[in-house]
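Architecture at a glance
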Amino acid sequence: MKQSEIRDPKIEPPERLLTDEEAMRHALALAERAQREGEVPVGAVIVRNGEVVGEGWNRPVGSNDPTAHAEIVALRAAGERIGNYRLCDATLYVTLEPCTMCAGALVHARISRLVFGARDPKAGAVCSVAHVLDTPHLNHRVEYAGHVLEEECAQKLTAFFRERR
């Protein structure tokens, strides 16, 4: 999926993201895009040297692709943009704690840092259900921090699932 295929002109990132909160607010805007498309509202942004190099939102339903989580879409866009699948010195911001698949992809992409909003008590693979990034045998370490705009991220998901029931 090409970045041009996912770019929404109504969701333009600031020219340079300076804080974790600013980047997470951009990820929340992308989560809203997912929700408008009938997807679980999760958004992800990859920042390298203060610049957005990749972004994505959940798309598994619309694309019939079980791997089209926000993080994977953002990783693909960043890899395409910089011309390398290794995203050293990049930070991935995502509104929900990554699952096992996405946590593994962060390791393979050599993401330096992960920042997430809400914890995922059912499938979170960073600190809730599993601790993938803390596995001692991995060949790359991803630093991580959670709880950035946690309440806003969690409320968006709670409202989405309440509406569905």
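This part is about the side chain of E71. By the secondary structure assignment, E71 is in helix α4 (residues 70-82). At 11 Å, R76 is the nearest oppositely charged side chain to E71, a buried residue that forms no salt bridge.

The backbone of D89 sits at a positive phi, close to 65°, despite the residue not being glycine. In this fold, D89 is placed in the loop between α4 and β3 (90-96). Phi is positive for R110, which is not a glycine, with a value near 60°. Looking at the secondary structure, you find R110 in the loop between α5 (100-108) and β4 (113-118).

The next point concerns the side chain of K156. Mapped onto the secondary structure, K156 falls in helix α6 (residues 150-164). Leave out the neighbours within four places in its chain, and K156 touches L28, A31, E32, Q35 and P41.

Once that is clear, we can look at the pattern of salt bridges. With the rule as written, the count across this model stands at seven salt bridges. Across the pair E21 and R25 runs a salt bridge whose closest N-O atoms are separated by 3.5 Å. Highlighted residues: E21 and R25, both in helix α2 (residues 20-36), separated by four residues, approximately one helical turn. The shortest N-O distance in the salt bridge between E51 and R81 comes to 2.3 Å.

Looking now at the environment of L75. Mapped onto the elements, L75 comes out in helix α4. Classification of L75 as buried rests on a relative accessible area of 11%. In this structure, the C-alpha to C-alpha distance between L75 and L92, residues 17 residues apart in sequence, is 8.6 Å. Excluding anything up to four places from it in sequence, L75 contacts I46, L87, L92, A105, L106, A109 and I111.

What follows covers the sheet that holds strand β5 (residues 143-145). Strands sit in the order β2-β1-β3-β4-β5 across an open sheet of five strands; the sheet is mixed. Since the sheet does not close on itself, it has two edges, and those belong to β2 (51-57) and β5, each with one partner. Within this sheet the neighbouring strands show an average axis-to-axis angle of 15°, counted without direction. Looking at chain direction, strand β1 (residues 43-48) and β3 are connected through five bridges and run antiparallel. Looking at β3, one finds that A44 is bridged to V94. Contacts between α2 and the sheet are confined to β1, β2, β3 and β4, with β1 contributing the most and set at about 145° to the helix. Sitting on the sheet, α6 touches β3 and β4, and the angle it makes with β4 is about 60°.

Inspection of every chain in the model, using the stated rule, returns one aromatic pair. An angle of 80° between the planes, with centres 5.1 Å apart, marks the rings of F160 and F161 as edge-to-face.

This next bit is on the nonpolar core. In summary, soluble globular proteins display a tendency toward joint burial of nonpolar side chains. Counting residues in hydrophobic clusters, the biggest one holds 47 residues, and the most contacted among them are I46, L75, L87, L92, I111 and L114. Elements with a minimum of two residues in this core: α2, β1, β2, α4, β3, α5, β4 and α6. No other element matches the six residues that α2 contributes to this core.

Next up on the list: the packing of α4 against α5. Packing of α4 against α5 brings their axes to within 9 Å, and their N-to-C directions diverge by 25°. Comparing their axes, α5 and α4 come out roughly parallel. You can see that α4 and α5 cross each other, and the crossing is left-handed. In contact with E71, I72 and L75 of α4, α5 contributes M101, C102, A105 and L106.

Rules and cut-offs
- In this numbering scheme, every chain counts its residues from 1 along its sequence in written order.
- The predicted nature of this model means local features are confined to residues of pLDDT at least 70 and side-chain atom pairs, given and counted, to a pLDDT of 80 or more, with totals for whole chains, interfaces and linings taken over all residues.
- The side-chain numbers reported here are obtained from all heavy atoms of the structure, hydrogens and water having been left aside.
- Comment: elements are numbered from the N terminus, with helices defined as DSSP H or I runs of at least four residues and strands as E runs of at least two.
- Only protein chains enter the calculation, and the probe is 1.4 Å; a residue is then buried if its accessible area is under 20% of its type maximum, exposed if over 50%, and partly exposed in between.
- Here Asp and Glu are counted as negative and Lys and Arg as positive; His is not counted, and neither are the chain ends.
- Take a side-chain nitrogen of Lys or Arg and a carboxyl oxygen of Asp or Glu: if they are within 4 Å of each other, that pair is a salt bridge.
- Residues are treated as being in contact if the distance between any of their heavy atoms lies within 4.5 Å.
- Each pair of strands is called paired provided DSSP finds at least two bridges between the two strands.
- Fitted lines through C-alpha atoms serve as axes, helices being fitted only where they are in contact, and the angles separating the N-to-C directions of these axes extend from 0 to 180 degrees.
- The criterion for an aromatic pair is that two Phe, Tyr or Trp rings (for Trp, the six-membered ring) have centres within 6.5 Å, with stacked assigned to planes under 30 degrees apart, edge-to-face to planes over 60 apart and tilted to the rest.
- Throughout this description, the term nonpolar core refers to a set of buried Ala, Val, Leu, Ile, Met, Phe, Trp, Tyr and Cys residues connected via side-chain atoms within 4.5 Å.
- In this scheme, roughly parallel covers angles under 35 degrees and roughly antiparallel covers those over 145, while 65 to 115 is roughly perpendicular and the rest are oblique.
- Take the far helix as your reference; a near helix turned counterclockwise from it by less than a right angle gives a left-handed crossing, and one turned clockwise gives a right-handed crossing.

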